[in-house]
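Examining the three-dimensional arrangement
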Amino acid sequence: MSSSSVTVVEERILQYGRKEKLSWWGKTKNFRTAMLYLFPSILLFSIFLFYPMLRTVYLSFFLTDAQGVASLFVGFENFAYILQSSVFRKSMVSTLLFVLYTVPSSVIIALFLALLANEKLRGIGFFRTILSSTMGMSVAASAVIWLFLFHPTVGILNSFLNIIGISSIPWLLDPQWALISIAITTVWMNTGFAFLVILGGLQNIDQHLYENAEIDGAKYRYQLRRITLPMLSPTLFFIITITFINSFQSFGQVDILTQGGPAEATNLIVYAIYRDAFINYQFGTASAQALILFILVFGLTILQFKFGEKRVHYQ
Amino acid sequence: MMKSRGWVVYPLLIISSLLLFFPIVYAFLVSFMSGTDVMNRSFLPSIWNWSNYERVFETVPLMRYLMNSFIVSTGVMLGQLVVCAFAAYAFAFIPFKGRNAVFLLFISTLMIPWEAAMIPNFLTIQAFGWMNSYLSMTVPFFALAFGTFLLRQHFKTVPHELMEAADIEGLSKFATFYKVVLPYCRTSLVTLGIYGFLTTWNMYLWPLLVTTNDEKRTVQIGLKQLQTVEVATDWGVVMAGVIIVIIPTLLLLFIGQKQLQKGLTQGALK
């Protein structure tokens, strides 16, 4: 008994690092154990995230051959080239427009649905399941379904429009409508996840706040403005950031619905990178664009963290 | 207190559910339609028949793709659980020097969009000889900051008494990890498992890059292929393919919805 309790005591001392006279080997025991557990993660992050990110930066300063080997240092010329290229500029404009179309509408629709589904009604579980269903939909499956719905001859969307007296819309054929079509598909896909997260946020709000307001006779709209939305703001900010980032990363819907066309109207940034790198083998300019994508996402995440820290104070 | 609002909420819920779920329902209906039904823009199939489901397996090697997707998704799920649980254990229970620095390192991975690293990753996979291999679609996704944080959050709720008991029993750190901590935190392991399977099953861009033949292709790329092969001829077959591909994830989502919602709000916000 005594020997085992001694080791337990020793363990404790090591853990809290109170004993002064430990050897270096003893003092770093915790560090070494921790590293053993962390090693797989750190190794994988290094190989598949940190190293490639650095290499993207490196490649963006070079011209490369078709195998992706850097052959000629060109400094900032890749950046100068893409910033002047009308294709890239158009791609940036489309991407920003796309973000503008998708982010506010995704969040507002999901918020509306979550408010509905947060009511304590009979059978609400069924509705929650249905409303979160698009979260299980893959981008490929969603895009193929919407491709069919948008189809000029067999698509049913135009049939509906005709029934209510609106003439057919050239969904994927017209440059402006094509971007909107892709945005509709994306908003539909986003809704499930955003709904689930916002619903979770709503359910975390302290019910006592409502009970007190109820006693005071506060109206629903007043409660919504004074209790629900302020208490929900961290969740909302989180989901806005995530939706923003997801929008910037959209690829599958473009690949299946339009391949970047018509007239490059839907050549969103990740699709442009894909095309430059894997179809035209321009790894240098593709890397420069990838770096711009990185900077956008990086900035947004920093914002999220800043806000996320503040949130602690008013809870 | 909210019952009185039922008469406003129910109609709104029903309408929104119908609108949102319509594309999936319609895809299901079309998957039973004949070519003429589709051309007539019918809403319901005139005769319900399974022939589209038989034909889709003849058009593309869908069985093979399903198996590939299943192997890859299960692989990522298991790998993620192991790698994330290890890291989470270190963060939750081992007070080591430099923990904040390593934690920051993990957080920084959240700021790198995966697409920004995909070009060098593609070159790495080529150099490893991992093209058209399950390895390229699983190993790079094992480490996940979100998963680590999710598990760590739950690990920290393991009662002190339990950890002390394990200590007194003389369990080693590793034994404590898999005999005490993991069983106690089953639920978040399930949550992360569902999340990992779902996201991997639905992955599109990466499998598109690293598979060049039917041998290792996943169902999502199969759908793209099906759509390009079949588009002019038969939408019923394409939709049959879509339904087959979405059934596993929809089932998983319906079963695990509550867990997933709890896990997402906890893990995502902390």
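The structure this text deals with has already been given above.
As the structure is a computational prediction, the values presented were derived from the model and not from experiment.

This paragraph deals with the overall build of chain A. When helices and strands are tallied, chain A shows 14 helices and two strands. With 315 residues in all, chain A has 52% of them scored as buried. Expressed as a percentage of contacts within chain A between residues at least 6 apart in sequence, the contacts between residues at least 24 apart total 63%. Accessible surface, chain A as shown: approximately 15,300 Å² in total, 66% of it carbon and sulfur.

Moving on, we come to the interface of chain A and chain B. Put simply, an interface is often sized by how much accessible area is lost when its parts join up. Contacts between the two partners involve 105 residues from chain A, matched on the other side by 97 residues from chain B. Taking both partners together, chain A and chain B bury about 9,200 Å²; carbon and sulfur atoms supply 75% of that area. Interface area lost by chain A to chain B is led by Tyr37(A), Phe48(A) and Phe148(A), which between them contribute 9%. Counting across the chain A and chain B interface gives one salt bridge. The residue Asp255(A) makes a salt bridge to Lys224(B) at a minimum N-O spacing of 2.8 Å. Connecting chain A to chain B are 13 residue pairs in polar contact (both at pLDDT 80 or more). Sorting elements by how many residues they give to the side of chain A that touches chain B places helix α3 (residues 29–59) of chain A first, with 22 residues. Looking at the side of chain A that touches chain B, its residues break down into 67 nonpolar, 28 polar and ten charged.

With that settled, consider helix α8 (residues 145–155) of chain B. With respect to burial, α8(B) is a largely interior element, nine of its eleven residues being buried. Among all positions in α8(B), only Ala145(B), Phe146(B), Gly147(B), Thr148(B), Phe149(B), Leu150(B), Leu151(B), Arg152(B) and Phe155(B) are buried.

To continue, consider a nonpolar patch on the surface. Residues and elements named next belong to chain A. Side chains of Val93, Leu97, Leu100 and Tyr101 sit close together on the surface and give an oily, nonpolar patch of about 350 Å² of accessible area. Along the polypeptide, Leu97 turns up in helix α5 (residues 86–117). Assessed through its relative accessible area of 32%, Leu97 is described here as partly exposed.

Cut-off values and rules
Residues numbered from 1 in each chain as written. Chains lettered and ligands numbered in written order. Predicted model: local features only at pLDDT ≥ 70, side-chain atom pairs only at ≥ 80, totals over all residues. Heavy atoms only, no water. Helix = DSSP H or I, 4+ residues; strand = E, 2+ residues; numbered from the N terminus. Buried < 20%, exposed > 50% of the residue type's maximum accessible area, 1.4 Å probe, protein only. Contact = heavy atoms within 4.5 Å. Areas by Shrake-Rupley, 256 points an atom, 1.4 Å probe, with all protein chains shown as cover. Buried area = accessible area lost by both parts, 1.4 Å probe. Salt bridge = Lys/Arg side-chain N within 4 Å of Asp/Glu carboxyl O. Polar contact = N/O pair within 3.5 Å; in protein donor to acceptor, adjacent residues only side chain to side chain. Nonpolar A, V, L, I, M, F, W, Y, C, P; charged D, E, K, R; others polar. Patch = residues over 30% accessible without salt bridge, like charges linked within 9 Å, V, L, I, M, F, W, Y side chains within 5 Å.

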